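Report on the structure
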Amino acid sequence: MFQALLLASMATITMPLPAAEPLPLLLAETEHGQADVALYLVSEKLDGVRAFWDGQVLRTRNGNVIKAPAWFIENFPTQALDGELWLGRGQFERLSGTVRRQVPDDDEWRQVRYRVFELPQAPGTFRQRAQVMRTLIAGAGVPWLQVVEQYEMTSRKALENKLDEILKLGGEGLMLHRADALYTTGRSDVLLKMKLWHDAEATVIGHQPGKGKYAGMLGALRVRSADGVEFMLGTGLSEAERRNPPPIGTVITFRYRELTSRERPKFASFYRVREI
């Protein structure tokens, strides 16, 4: 009964937004062992491109319209959806190239899946919204429109075993979403990410010339985090990136194990230019 009422109430929920404005989406905090596992629904953390369906077009989290083929989105629901465009584990670079094309390549897009994990602005708890998502997506009958599977975890050990399973398959990690949470936006601990490595963003503020085998190329990036901490990133860069480094002002994602007592990332390495 609740599902029917919720679907009916959602029939008019669309979120057309101006282009190129950062979208009010839910962003995850990091799980440091603090979560009461029984209160969360758990899913795989997908290494894809975040994509928001406003009822008319797909947008990146920065509000840019994604040039998906007309056939790809033709039969999507009119309700707003939040999810990831995904090619598979370890396929982010290939996916990013596909999504960035101003003229979409049909052959490339036929391999893409839109994996949905949230119903923006919908009423009810996340557990209830997850049930409605399954009904809504199944009713659309679009093979590449899929729901991200949510799991119940009964203990911290079960959660750690699930993380090990995903990592062995080449996955990124896990997402934990409070089952009783109403829809919200911004960075919140109702959504937690659990990974072997942490990641964060920083802005490139300088280029350090390379030496030895990297002579004539980039040796390291000098970056500044959102907290104003400046440090060097000299690992994780491919030879192509060293020959053509991210320009000053570029926002990049880096990975690290933990923070030092001075709030500096330990074992930090370049991961990639921030997703579009």
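Refer to the structure printed above.
Everything quoted here is computed from the prediction, not taken from an experiment.

1. So, the pattern of salt bridges
Taken as a whole and assessed by the stated rule, the structure comprises 20 salt bridges. Of the charged contacts, one joins Glu172 and Arg255 as a salt bridge, the two residues approaching to 2.5 Å between their closest N and O atoms. On the criterion of sequence distance, the pair formed by Glu172 in the loop between helix H6 (156–168) and strand E9 (173–178) and Arg255 in strand E14 (residues 251–256) is long-range, its members being 83 residues apart. Each member of the pair, Glu172 as well as Arg255, is classed as buried.

2. Looking at the sheet that holds strand E13 (residues 230–233)
Taken in spatial order, the five strands of this open sheet run E13-E12-E11-E14-E15, and their pairing is antiparallel. Of all the strands in the sheet, the pair left with one neighbour each is E13 and strand E15 (269–273). Sheet twist, expressed as the mean angle between neighbouring strand axes with direction ignored, is 45°. Across seven bridges, the pairing between strand E11 (residues 198–209) and strand E12 (residues 218–225) is antiparallel. Counterpart to Gln208 in the pairing with E12 is Ala220.

3. Some thoughts on unusual backbone geometry
The phi dihedral of Gln121 falls on the positive side, at around 70°, and the residue is not glycine. On the secondary structure map, Gln121 appears in the loop between strand E6 (113–118) and helix H5 (126–140). With relative accessibility at 44%, the residue Gln121 sits in the partly exposed group. Although it is not a glycine, Phe267 adopts a positive phi angle of roughly 55°. Structurally, Phe267 can be placed in the loop between E14 and E15.

So, how was this worked out
Residues numbered from 1 in each chain as written. Predicted model: local features only at pLDDT ≥ 70, side-chain atom pairs only at ≥ 80, totals over all residues. Heavy atoms only, no water. Salt bridge = Lys/Arg side-chain N within 4 Å of Asp/Glu carboxyl O. Helix = DSSP H or I, 4+ residues; strand = E, 2+ residues; numbered from the N terminus. Buried < 20%, exposed > 50% of the residue type's maximum accessible area, 1.4 Å probe, protein only. Pairing = 2+ DSSP bridges. Axes fitted to C-alpha atoms, helices over the stretch in contact; angles between N-to-C directions.

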